[in-house]
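So the chains spell out like this:
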Amino acid sequence: MDMKLFYGLSYNPFQKDVSDTTVETIDFKEMQGRLAYLCQTKGIGVFTGRPGVGKTYALRQFVSSLNPSLYQVVYMPMSTLTTIQFYRYLAGSLGLEVGSSKIDNFMNIQEYLKRMNSEKRIIPIIILDEAQYLRSEILNDIKLLMNFDMDSKNHCVLILAGLPTLVNTLKYNSYEAIRQRITIQYQIIGLEPQEIKSYVESKLKAAGLNVPLFTEDAMTALGNSCQGSIRKLNNLLTQCLIIGANRQIRDINNEIVMMAVNEVDMN
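Residues numbered from 1 in each chain as written. Predicted model: local features only at pLDDT ≥ 70, side-chain atom pairs only at ≥ 80, totals over all residues. Heavy atoms only, no water.

Draft legend 1. Focus on the overall build of the chain. Of the regular secondary structure elements, the chain holds 12 helices and five strands. C-alpha atoms of the chain, sized along the principal axes, occupy 65 × 40 × 30 Å. Counting all 267 residues of the chain, 48% fall into the buried class. With an accessible surface of roughly 13400 Å², the chain has 50% of that area assigned to carbon and sulfur atoms. Within the chain, the 26 negative side-chain charges are centred at a point lying 5 Å from the centre of the 27 positive side-chain charges. (Helix = DSSP H or I, 4+ residues; strand = E, 2+ residues; numbered from the N terminus. Buried < 20%, exposed > 50% of the residue type's maximum accessible area, 1.4 Å probe, protein only. Areas by Shrake-Rupley, 256 points an atom, 1.4 Å probe, with all protein chains shown as cover. Lys, Arg positive; Asp, Glu negative; His and termini not counted. Charge placed at Lys NZ, Arg CZ, Asp CG, Glu CD.)

Quick look at the structure:
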């Protein structure tokens, strides 16, 4: 049976590629505030968290809120590049002519970032996702790339986003110089247990369901099973809707959640 039809939903609110309301979790609000501050001060920001806790989503929502006439955003999801590939990718993403050597690209990129901020009053924002995979030579070059006017000014925002191992890497003595240049560092925990109910009900309401669907014991089971991961929670919720609709169950309880957990864990 079609779960949307059975539960009266206009769409599956837990599906990745749907457009619906944003649930402002504790982490989401904390991260938005820190990103806003980072844009004011410029410099380097480090945002880490386990897979599925909402790092990239929070970044995407923040970027979508920015005025494109005041900010130029470059998003780089490929962090396994060699040094020369990194500079070529960044230069091309900024709209610059890609040079043949590292030094040519480095100089062009740094001059462009400075010119955009100081002359055109546009703040470049460079986002390096999955930054835990960045090569050591690129991490070491970042402190040079962000060194403007004899290290007296910040002309752009550089965001490193990745798994918690990124923080461990940056603790090495060899990265002390870049560590001292970090303006913001935030560890994303994920959904708190008390946020599960609000998250689920807000998503369902956005899809047209205004009556409770999950029982209290189901909410507890969902919180215990997802362990803070929004991605895993969405997968579990979708599976719960599928199982519940197939069994024609109007109130999804702990038993249905456990069935969903078993099926999702097999994927």
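Draft legend 2. Summary view of the environment of A245. Following the sequence through the fold, A245 ends up in helix α11 (residues 230-246). With relative accessibility at 0%, the residue A245 sits in the buried group. For A245 and K4, which are 241 residues apart along the polypeptide, the C-alpha to C-alpha distance reads 8.5 Å. Excluding its chain neighbours within four sequence positions, the residues that come into contact with A245 are M1, M3, F6 and Y7. (Contact = heavy atoms within 4.5 Å.)

Draft legend 3. Looking closely at the packing of aromatic side chains. Applying the stated rule across the entire model yields four aromatic pairs. Between F28 and Y57, the aromatic rings sit 6.2 Å apart at their centres with planes inclined by 45°, giving tilted as the arrangement. Highlighted residues: F28 in helix α2 (residues 26-41) and Y57 in helix α3 (residues 55-65), separated in sequence by 29 residues. F28 gets classed as buried once you look at its relative accessible area, which sits at 10%. By relative accessible area, which is 29% here, Y57 ends up partly exposed. Taking the centre distance of 5.3 Å and the plane angle of 75° together, the rings of F86 and Y87 count as edge-to-face. Site record: aromatic cluster; members linked through ring pairs are F86, Y87 and F106. One residue, R250, lies across the ring of F6, its end atom 3.9 Å from the ring centre. (Phe/Tyr/Trp six-rings, centres within 6.5 Å; stacked < 30°, edge-to-face > 60°. Lys NZ or Arg CZ within 6 Å of the ring centre and 35° of its normal.)

Draft legend 4. Broad picture of helix α5 (residues 102-118). A rise of 1.5 Å per residue sets the reference length of α5, with its 17 residues, at 24 Å; its end C-alpha atoms lie 24 Å apart and thus fit the reference within 8%. Within the sequence span of α5, burial applies to N105, F106, I109, Q110, Y112, L113, M116 and N117. Seen end-on, α5 carries its buried residues on one side only, within an arc spanning 160°. Residues of α5 that are buried sit in contact with β2 (71-76), α4 (83-93), β3 (123-128) and α6 (136-145). (Expected span 1.5 Å × (residues − 1). Arc of directions from axis to C-beta.)

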